[in-house]
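Summary of the model geometry
Residue strings, one per chain:
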Amino acid sequence: MAKILIKNGILLPMAKSLQDGGDLYFPGSLCIENNVIRALGDVPQDFAADVVIDAAGKVVMPGFVNCHTHAAMTLLRSYADDLPLMHWLEKKIWPLEAKLEAEDIYWGTLLACREMIGCGTTTFADMYFFMEEAARAVADSGIRASLSRGLIGVAPKGESALEESKAFIQQWHGKANGRITTMLGPHAPYTCPPDYLEKVMQLAEDLEVGIHIHVAETRQEVEDINRQYGKSPVELLDEVGLFQFPVLAAHCVHVSEADMEILREKNVKVAHNPESNMKLASGIAPVPRMLAEGITVGLGTDGAASNNNLDLLEEMRSTALLHKVSQEDPTVISAYQALEMATKYGGQALGLPVGVLAPGKQADVILIDLRKPHLQPLHDIPAHIVYAAQASDVDTVIVNGEVVMENRQVKTVDEEQLYAEITKRAGRLVSE
Ligand SMILES: [Zn+2]
């Protein structure tokens, strides 16, 4: 690892909240030493850079954090769309997933990593299966990820999946120069009953890892849990004791005031996936209310089968627009708040020192080129990034102090080989 100096850039560190005046954007420098940020603003006198990147005309900011996805579902991208949820799952997605082999997960995840790097995402939280293969793809691509093996308590393999999870966490937590971290991934309250969650919690305690789970995604889920247990999914998980652990709760679309009080009090982190929620017609999560309550809300894309891309720039824009129109209030979710959700809050949601540019934080940094017709003049840079920028404006991506993309060229992935493998594997999945 080298010492990298990024100079002449417009720094957008995302460290301060809007109430504190937001961050200063000044032409300045960012110094990276090994895998962490050493300094920003002025260059320390003893800092001798091995690599100098001229960021003139570019924003220098933390990489985006995708708080919820199923990376290898890129293999199912645009295979089934515009269908009712249960039909989509039962007739389309699950039968194809049943055909997935370990090596498919490697290539599907590598495609996701390549796509995310190209969109300025430097960290993602994943929940899927054959996670050793997903971990290999993360290691090879240079991105950072928090990986969890999806657990379905009601499935015949529920018990062996717990064992697999344990082995996976023991083998991979902290690997790839610390880029890979792990969580336990009980799928949802309706697929993991309380007695199974007890076992998950025991493992979380033994292995000292957090828990990534889908919560209150659909109205149907809330009704079913209510019928079975006489309480909401959030109340059920609280009663079981899950929230004693660090929990990343994906969706939280259908939550009551009482549920939000529990989420706030127990410091549960929420992954908001507006495009997936819109596409599957799941509903609108009360995100402005959650943010006002002080709940940490990060952004996710969910899998590529329900989005259909893994682009956090789009997700930020959708977040701001969705909540404005749903509340008929254009002041709801400012551009800066959407940016905070995609960066700082995302890092907090995953419990990782990423999502802000500050000394000592991980060197996960992106450069966005503002010398584009749709990004001129420079009235308001956060507004540009949220409302006008495109993935193709992301010019350079650094993860853990390594340059993985420069001038839009991803250095870690052989794209011809990747596309050939994806074509072959996707073809096999849809053949009878
Ligand atoms: Zn999901």
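Each value, and the rule that gives it
Residues numbered from 1 in each chain as written. Predicted model: local features only at pLDDT ≥ 70, side-chain atom pairs only at ≥ 80, totals over all residues. Heavy atoms only, no water. Helix = DSSP H or I, 4+ residues; strand = E, 2+ residues; numbered from the N terminus. Rg over C-alpha atoms; globule rule 2.2 N^0.38 Å. Buried < 20%, exposed > 50% of the residue type's maximum accessible area, 1.4 Å probe, protein only. Contact = heavy atoms within 4.5 Å. Areas by Shrake-Rupley, 256 points an atom, 1.4 Å probe, with all protein chains shown as cover. Lys, Arg positive; Asp, Glu negative; His and termini not counted. Charge placed at Lys NZ, Arg CZ, Asp CG, Glu CD. Axes fitted to C-alpha atoms, helices over the stretch in contact; angles between N-to-C directions. Left-handed = near helix turned anticlockwise from the far one by under 90°. Nonpolar A, V, L, I, M, F, W, Y, C, P; charged D, E, K, R; others polar. Pairing = 2+ DSSP bridges. Phe/Tyr/Trp six-rings, centres within 6.5 Å; stacked < 30°, edge-to-face > 60°. Lys NZ or Arg CZ within 6 Å of the ring centre and 35° of its normal. 1 Å grid on protein atoms, 1.4 Å probe; cavity = no way out; pocket = protein on both sides within 12 Å on 5 of 7 lines; lining within 4 Å. Points joined across faces, edges and corners; volume = space filled by probe spheres on them. Polar contact = N/O pair within 3.5 Å; in protein donor to acceptor, adjacent residues only side chain to side chain. Donors = N, O, S within 2.8 Å, 3.2 Å for Na, K, Ca; no water. Domains from an automatic or database assignment. Buried area = accessible area lost by both parts, 1.4 Å probe.

Re the overall build of the chain
When helices and strands are tallied, the chain shows 15 helices and 17 strands. In terms of C-alpha radius of gyration, the chain reaches 21 Å, essentially the compact-globule figure of 22 Å for 432 residues. Dimensions along the principal axes, computed over C-alpha positions, put the chain at roughly 60 × 45 × 40 Å. A total of 432 residues make up the chain; the buried ones form 60% of that total. Residue pairs at least 24 apart in sequence account for 75% of intrachain contacts in the chain once pairs closer than 6 positions are excluded. As displayed, the chain offers around 16,700 Å² of accessible surface, 50% of which is attributable to carbon and sulfur atoms. Computed over 37 positive and 59 negative side-chain charges, the separation of the two mean positions in the chain equals 3 Å.

What to know about the packing of helix α2 (residues 102-118) against helix α3 (residues 131-141)
Their axes nearest at 8 Å, the elements α2 and α3 cross at an angle of 35°. Handedness of the crossing formed by α2 with α3: right-handed. Residues Ala102, Glu103, Ile105, Tyr106, Thr109, Leu110, Cys113 and Ile117 of α2 form the contact with α3, whose own contacting residues are Glu133, Ala134, Arg136, Ala137, Val138, Asp140 and Ser141. Grouping the constituent residues of the contact of α2 with α3 by class yields nine nonpolar, two polar and four charged.

What to know about the sheet that holds strand β10 (residues 210-215)
The eight strands lie next to each other as β6-β7-β8-β9-β10-β11-β12-β13, forming an open sheet whose pairing is parallel. At either margin of the open sheet sits one strand with a lone partner, and together these are β6 (64-69) and β13 (297-299). Within the sheet, the average angular offset between the axes of one strand and its neighbour, ignoring direction, is 25°. For strand β12 (residues 269-272) and β13, the ladder comprises three bridges, and the chain directions are parallel. In the strand pairing of β13, Ala271 is matched with Gly298. Across the sheet, helix α12 (residues 335-342) is in contact with β6, β12 and β13; its angle to β13 comes to roughly 80°.

Some details on the packing of aromatic side chains
Tallying each qualifying case throughout the model produces three aromatic pairs. Where Tyr128 meets Phe129, the ring centres are 4.4 Å apart and the plane angle is 20°; that geometry is what we call stacked. Look at Tyr128 and you get buried, because its relative accessible area is 6%. The exposure class of Phe129 is partly exposed, given its relative accessible area of 22%. Taken together, the ring pairs connect Tyr128, Phe129 and Phe130 into an aromatic cluster. Directly above the ring of Tyr106 sits Arg136, whose terminal nitrogen or CZ lies 4.4 Å from the centroid.

Here's the deal with the layout of surface pockets
Taken as a whole, the largest pocket spans an internal volume of roughly 1,200 Å³. Forming the boundary of the largest pocket are 41 residues, of which Leu89, Trp94, Glu97, Ile152 and His187 lie nearest the centre. For the lining of the largest pocket, the leading source of residues is helix α1 (residues 85-97), giving seven residues. Its residues assigned to classes, the lining of the largest pocket comprises 21 nonpolar, 12 polar and eight charged.

A few points about the environment of His214
Mapped onto the elements of the fold, His214 is located in strand β10. Taking relative accessible area as the criterion, His214 reaches 5% and is therefore assigned buried. Each C-alpha atom, one on His214 and one on Arg149, is 13 Å from the other, the two residues being 65 residues apart in sequence. Among residues more than four places away in sequence, those in contact with His214 are His68, His70, Met127, Pro186, His187, Ala188, Pro189, Glu221, Ala250 and His251. A distance of 3.3 Å separates the side chain of His214 from the side chain of His70, its partner in a polar contact.

Re the packing of helix α7 (residues 233-240) against helix α8 (residues 257-265)
Packing of α7 against α8 leaves a shortest axis separation of 9 Å and a crossing angle of 40°. As α7 packs across α8, the resulting crossing turns out to be left-handed. From α7, Val234, Glu235 and Asp238 reach across to α8, where they touch Ala258, Asp259, Ile262 and Leu263. Partitioning the contact of α7 with α8 into residue classes produces four nonpolar, no polar and three charged.

Digging into the coordination of the zinc ion
Here the zinc ion is held by His68 (NE2), His70 (NE2), His214 (NE2) and Asp302 (OD), and the distances to it run 2.1 to 2.4 Å. Look at where the donors of the zinc ion fall in the sequence and you get H-x1-H-x143-H-x87-D. Residue His68 is located in strand β6, and its partner His214 is located in strand β10; the two are separated by 146 residues in the primary sequence.

Regarding the domain arrangement of the chain
Domain boundaries assigned for the chain yield domain 1 (3-62 + 357-410) and domain 2 (64-350). The C-alpha centroid of domain 2 is placed 28 Å from the C-alpha centroid of domain 1. Facing the 34 residues of domain 1 at the interface are 30 residues of domain 2. Of the roughly 2,400 Å² buried where domain 1 meets domain 2, counting both sides, 65% is carbon and sulfur surface. Sorting the residues of domain 1 by area buried against domain 2 places Met14, Val386 and Tyr387 first, and these three jointly supply 27% of that buried surface. Put simply, domain 1 and domain 2 have 10 residue pairs in polar contact (both at pLDDT 80 or more) between them. Those elements that provide at least two residues to the side of domain 1 that touches domain 2 are β5 (58-62), β14 (365-369), α14 (381-387), β15 (394-399) and β16 (402-406).

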